[in-house]
Amino acid sequence: MGVYIGNLSYDVTEADMSGVFAEYGTVKRVTLPTDRETGRVRGFAFVDLSSDDEEQAAIEALDGAEWMGRDLRVNKAKPRESNR
């Protein structure tokens, strides 16, 4: 499912995210949504690690931690709801 990371700096890159989460396991994918009009990072991301245990370790270590001047919100990602 993955990990949701909120309250990110607008200067964050996929490489930054991979570097931080690699401390907790194997990073399979980083998704860093950008604004369609400005191209700027939207302030949140999703990271997929190779196991639930690695994801849980990252959540416990990083939720509430300060990084790049912001207090991170880190939790289990929820399934995307359809807009129908």
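Because the structure is predicted, anything quoted here is derived from the model rather than measured. Going along each chain's sequence as written, the residues are numbered from 1 onward. Restriction of local features to residues with pLDDT of at least 70 applies here, the model being predicted, together with a cutoff of 80 or more for giving and counting side-chain atom pairs; totals for whole chains, interfaces and linings are based on all residues. Note that water and hydrogens are dropped before the side-chain values are worked out from all heavy atoms of the structure.

A. Spotlight on the overall build of the chain. Helix numbering and strand numbering both begin at the N terminus, where a helix is a DSSP run of H or I of at least 4 residues and a strand a DSSP run of E of at least 2. Along the backbone of the chain there are two helices and six strands. Along the chain, helices and strands appear, N-terminal first, in the series β-α-β-β-α-β-β-β. Here the globule rule reads 2.2 Å times residues to the power 0.38, and the radius of gyration is calculated from C-alpha atoms. Over its C-alpha trace the chain gives a radius of gyration of 13 Å, about what one expects of a compact globule, namely 12 Å for 84 residues. Buried residues are those whose accessible area, probed at 1.4 Å on protein chains only, stays under 20% of the maximum for their type, while exposed residues exceed 50% and partly exposed ones sit between those limits. Classification of the 84 residues of the chain by burial places 35% in the buried group.

B. Just the pattern of salt bridges, in detail. Any carboxyl oxygen of Asp or Glu within 4 Å of a side-chain nitrogen of Lys or Arg constitutes a salt bridge here. Following the criterion strictly, the structure yields three salt bridges and no others. Across the pair R29 and D48 runs a salt bridge, and its minimum N-O distance is 2.7 Å. On the criterion of sequence distance, the pair formed by R29 in strand β2 (residues 27-31) and D48 in strand β3 (residues 44-49) is long-range, its members being 19 residues apart. Look at D48 and you get buried, because its relative accessible area is 13%. For the salt bridge of D52 with K76, the shortest nitrogen-to-oxygen distance reads 3.5 Å. Within this pair, whereas D52 is found in helix α2 (residues 52-62), its partner K76 is found in strand β6 (residues 73-76), the two being separated by 24 residues in sequence. Each of D52, E55 and K76 takes part in salt bridges that share partners, so that together they form one network.

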